[in-house]
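# Structure assessment
Listed below are the residues making up each chain.
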Amino acid sequence: MSHIAALPLTLGELRSSRLYSEARLAHRTVKDEMRENLIARLRDKKPLDKNPIFAGIVGYEDTVVPQVVNAILSRQNFILLGLRGQAKSRILRALSGLLDANTPYVAGCEIRDNPYKPLCRRCKTLIAEQEEATPIAWLTPEDRYVEKLATPDVTVADLIGDLDPIKAARGGHDLASEFTMHYGLLPRANRGIFAVNELPDLAGKIQVALFNILQEGDIQIKGYPVRLALDVALVFSANPEDYTARGKIVTPLKDRIGSEIRTHYPATIEQGMAITRQEAWVDRDGAKVDVPEFIREIVEEVAFRAREDKKIDKRSGVSQRLTITCLENVVSNAERRALHARENIVVPRVSDVYAAMPSLTGKFELEYEGELRGAETVARELIRAAVAKVFMRYYEGVNLQQVIQFFDLGGSLKITDTAPSADALAELRKIQGLLDKVGALGVKDKDPAPMLVSAAELILEGLHAHRRITRTEERGYTAEKKPERAAQAQAGEEAPPGRMRRPLN
């Protein structure tokens, strides 16, 4: 409050201030302002990884961000084009960080008029009457960001404005008077950023209403012979799928948008994990949560496998929200088990990833083949493929024959989803050589029981994913049956002794 009180509160005080003088602000547009502030950020001696232009945006440093920077330096309107869950809205909202901390406007003005260059009749009349005593109010960067989600029911009146007969009646104005204008969202975003999400969903005739503001920089409200030369930066987002599904961007509008910038999903597992680590709610109240790195990798690998799977529609994409919600569910299932067993540490296991399938099945659209198999079956196959990939990342070339032999010689193991870690660890110790191999995962023998169980279960699940052992839906592990033995057993024949498979190394 003391900072706001120190700012000029009348037009006279504003003129006499150095920072907000008429020479500096009268002809400075919002695009000039964003450009100046961006240049100052780029000249900052701090490295961009310590002081990023768009905080919280991961994986776009060498692709999307430079293109957005170029568009701002060029003072262009632009559109972000990409599949769902690619941080388009987050980038648009981060643009407000390039606006001044405080911006003056004529107090009470609906379209936040520049005191030195008013547009509306009300502000022109007020300044003519009160001159230097004209009251000044202030805008924050958040006040200057206006966002509209495009829907088919949006009208020109919503975006641009219309005649307001109630204003005319209350004020005793003629219907042709400028005082009867009702301003839409776009005029109310004057001297700020106006973002339209999912642009193709706007009806064609509504998109046409944006032509003038994009090219000539002004709008005309229905029925008034007045053009308002708005000062606004327009940015849009769209999904390529919508070009041919729910709607499309009309060609003249695309031609008027300065830059079309393509977004993308994380290029590497590490980038995806960084995003999920940043966004997922993992720290829970009342319990210590320790998510092993290999569990995070499995969750991220599920999304990567899904984006490559032929049973999943690539045009719809697989949102990064899949990994975020999945990891949250994984932690919640582990938390439920810890509460049930009264353990003071929550460590997720591979079985918790399978328990998180409800967070996966709604995040992708299936092709015909996937529809035949069902969303749950596809999700289960994705998890198994992800486990196989992560398992090989840690255990390629490691000899696990001793573990496999335990099951080949008739051994079996069953670990329930709610089994306390101490009980599960006691069962796992019966498999000779199993816990000796957890070191490859960065787990030590002195680590807490929940961590040892999680690491050991990854080994078993990895062997199952590579078809070296079998697992039932009840989490029971047994030896992998050879096809010829299974066929002979069904025929009632005695199976001849088979040759041992080569070690997994």
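What comes next concerns the included structure.

This part covers the overall build of the chain. A count of helices and strands for the chain gives 23 helices and 16 strands. Buried positions account for 50% of the 505 residues belonging to the chain. Summarising the internal contacts of the chain: among those between residues at least 6 apart in sequence, 73% fall at separations of at least 24. In the form shown here, the chain has an accessible surface area of approximately 24600 Å², with 50% of it arising from carbon and sulfur atoms.

Consider a sheet: its strands pair through backbone hydrogen bonds, and that pairing is either parallel or antiparallel. Pairing in this open sheet of five strands is parallel, and the strands run E4-E7-E10-E1-E11 from one edge to the other. At either end of the open sheet lies a strand with only one pairing partner, and these are strand E4 (145-149) and strand E11 (259-262). Looking at each pair of strands side by side, their axes are set apart by 20 degrees on average, direction ignored. Sheet topology note: the strand E1 (residues 78-81)/E11 ladder contains four bridges and is parallel. Its bridge partner being in E11, Phe 78 is matched across the sheet by Ser 259.

In terms of nonpolar packing, the biggest core is built from 71 residues, with Ile 298, Phe 364, Phe 407 and Leu 460 touching the most fellow members. Those residues in contact with Phe 407 that lie beyond four places of it in its chain are Ser 412, Leu 413, Ile 431, Leu 460, Ile 469, Tyr 477, Thr 478 and Ala 479. Judged by nonpolar contacts, the second largest core, of 50 residues, contains Cys 120, Leu 186, Leu 202 and Ile 219.

Let's shift gears to the sheet that holds strand E14 (residues 413-414). Across the sheet, three strands lie side by side as E14-E16-E15; this open sheet has antiparallel pairing. Because the sheet does not close on itself, it has two edges, and the strands there are E14 and strand E15 (469-471). Sheet topology note: the E14/strand E16 (residues 476-479) ladder contains two bridges and is antiparallel. Bridge pairing links Leu 413 to Tyr 477 in E16. In the packing of helix H20 (residues 401-408) onto the sheet, contacts are made with E14, E15 and E16, and the angle to E16 comes to roughly 90 degrees. Where helix H22 (residues 449-465) meets the sheet, it contacts E14, E15 and E16, and its direction lies at approximately 105 degrees from that of E15.

Tallied over the full model, the rule gives 26 salt bridges. A salt bridge links Glu 279 to Arg 90; its shortest N-O distance comes to 2.5 Å. Placement of the pair is Glu 279 in helix H14 (residues 269-279) and Arg 90 in helix H6 (residues 88-94), with a sequence separation of 189 residues. The exposure class of Glu 279 is partly exposed, given its relative accessible area of 28%. The partly exposed category is assigned to Arg 90, whose relative accessible area is 35%. Between Glu 427 and Lys 430 there is a salt bridge, and its shortest N-O distance comes to 3.2 Å.

A word on the packing of aromatic side chains. Tallied over the full model, the rule gives three aromatic pairs. Judged by centre distance (4.8 Å) and plane angle (65 degrees), the ring pair of Tyr 20 and Trp 138 falls under edge-to-face. Remark: Trp 138 occurs in strand E3 (residues 136-139) and Tyr 20 occurs in the loop between helix H2 (11-16) and helix H3 (22-25); sequence separation between them is 118 residues. The class for Tyr 20 is buried, based on a relative accessible area of 12%. You can call Trp 138 buried: its relative accessible area is 12%. When the ring of Phe 391 is compared with that of Tyr 395, the centres are 5.2 Å apart and the planes differ by 25 degrees; the resulting orientation is stacked. Pair noted here: Phe 391 and Tyr 395 are both in helix H19 (residues 375-395), with a separation of four residues, about one helical turn. Each member of the pair, Phe 391 as well as Tyr 395, is classed as buried.

What counts and what doesn't
Residues numbered from 1 in each chain as written. Predicted model: local features only at pLDDT ≥ 70, side-chain atom pairs only at ≥ 80, totals over all residues. Heavy atoms only, no water. Helix = DSSP H or I, 4+ residues; strand = E, 2+ residues; numbered from the N terminus. Buried < 20%, exposed > 50% of the residue type's maximum accessible area, 1.4 Å probe, protein only. Contact = heavy atoms within 4.5 Å. Areas by Shrake-Rupley, 256 points an atom, 1.4 Å probe, with all protein chains shown as cover. Pairing = 2+ DSSP bridges. Axes fitted to C-alpha atoms, helices over the stretch in contact; angles between N-to-C directions. Core = buried A, V, L, I, M, F, W, Y, C linked by side-chain atoms within 4.5 Å. Salt bridge = Lys/Arg side-chain N within 4 Å of Asp/Glu carboxyl O. Phe/Tyr/Trp six-rings, centres within 6.5 Å; stacked < 30°, edge-to-face > 60°.

Take it as geometry only, folks, not as evidence of what the structure does.
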